[in-house]
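# Architecture at a glance
Residue strings, one per chain:
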Amino acid sequence: MAWRGTLVPLTLTEFWMVHALAKFPEHVKTRDQLMREANLVVDDGTITSHIKRIRRKFIAVDPAFDAIDTVYGMGYRWQA
């Protein structure tokens, strides 16, 4: 996946999570929804870890990256 013209080296699981979030910007995706989109069955902490890694990878490409928003008690959303 590319962000602002630079390749972001996502794993397949990370790619599907980003895809699920970016497909409907501003819509909150629960951890369960992200698991289904990525075809995973893991605990909430693992989803949180994936999101942290995804953010770090995007920040490595663009230090101003802030498109993934945490909605406490609900899940995550892609900020347009």
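Going by the structure above, here's the rest.
This part is about the pairing of strand 3 (residues 68-71). One ladder, built from four bridges, connects strand 3 with strand 4 (residues 75-78); its direction is antiparallel. Its bridge partner lying in strand 4, Ile68 is registered against Trp78. Two successive antiparallel strands, strand 3 and strand 4, enclose a turn made up of three residues, where Gly73 displays a positive phi of approximately 80 degrees.

In this section: the packing of helix 1 (residues 12-23) against helix 2 (residues 31-38). One way to put it is that helix 1 packs onto helix 2 with a least axis distance of 8 Å and a crossing angle of 120 degrees. Here helix 1 lies oblique to helix 2, going by the angle between them. Considering only the axes of helix 1 and helix 2, their crossing is right-handed. For the pair formed by helix 1 and helix 2, the contact residues are Thr13, Trp16, Met17, Ala20, Leu21 and Lys23 on the first element and Leu34, Glu37 and Ala38 on the second.

Of note, Lys29 is situated in the loop between helix 1 and helix 2. Look at Lys29 and you get buried, because its relative accessible area is 12%. In contact with Lys29, other than residues within four places in its own chain, are Ala20, Leu21, Leu34, Glu37, Met74, Gly75 and Tyr76.

Criteria and cut-off values
- Residues numbered from 1 in each chain as written.
- Predicted model: local features only at pLDDT ≥ 70, side-chain atom pairs only at ≥ 80, totals over all residues.
- Heavy atoms only, no water.
- Pairing = 2+ DSSP bridges.
- Helix = DSSP H or I, 4+ residues; strand = E, 2+ residues; numbered from the N terminus.
- Axes fitted to C-alpha atoms, helices over the stretch in contact; angles between N-to-C directions.
- Parallel < 35°, antiparallel > 145°, perpendicular 65-115°, else oblique.
- Left-handed = near helix turned anticlockwise from the far one by under 90°.
- Contact = heavy atoms within 4.5 Å.
- Buried < 20%, exposed > 50% of the residue type's maximum accessible area, 1.4 Å probe, protein only.

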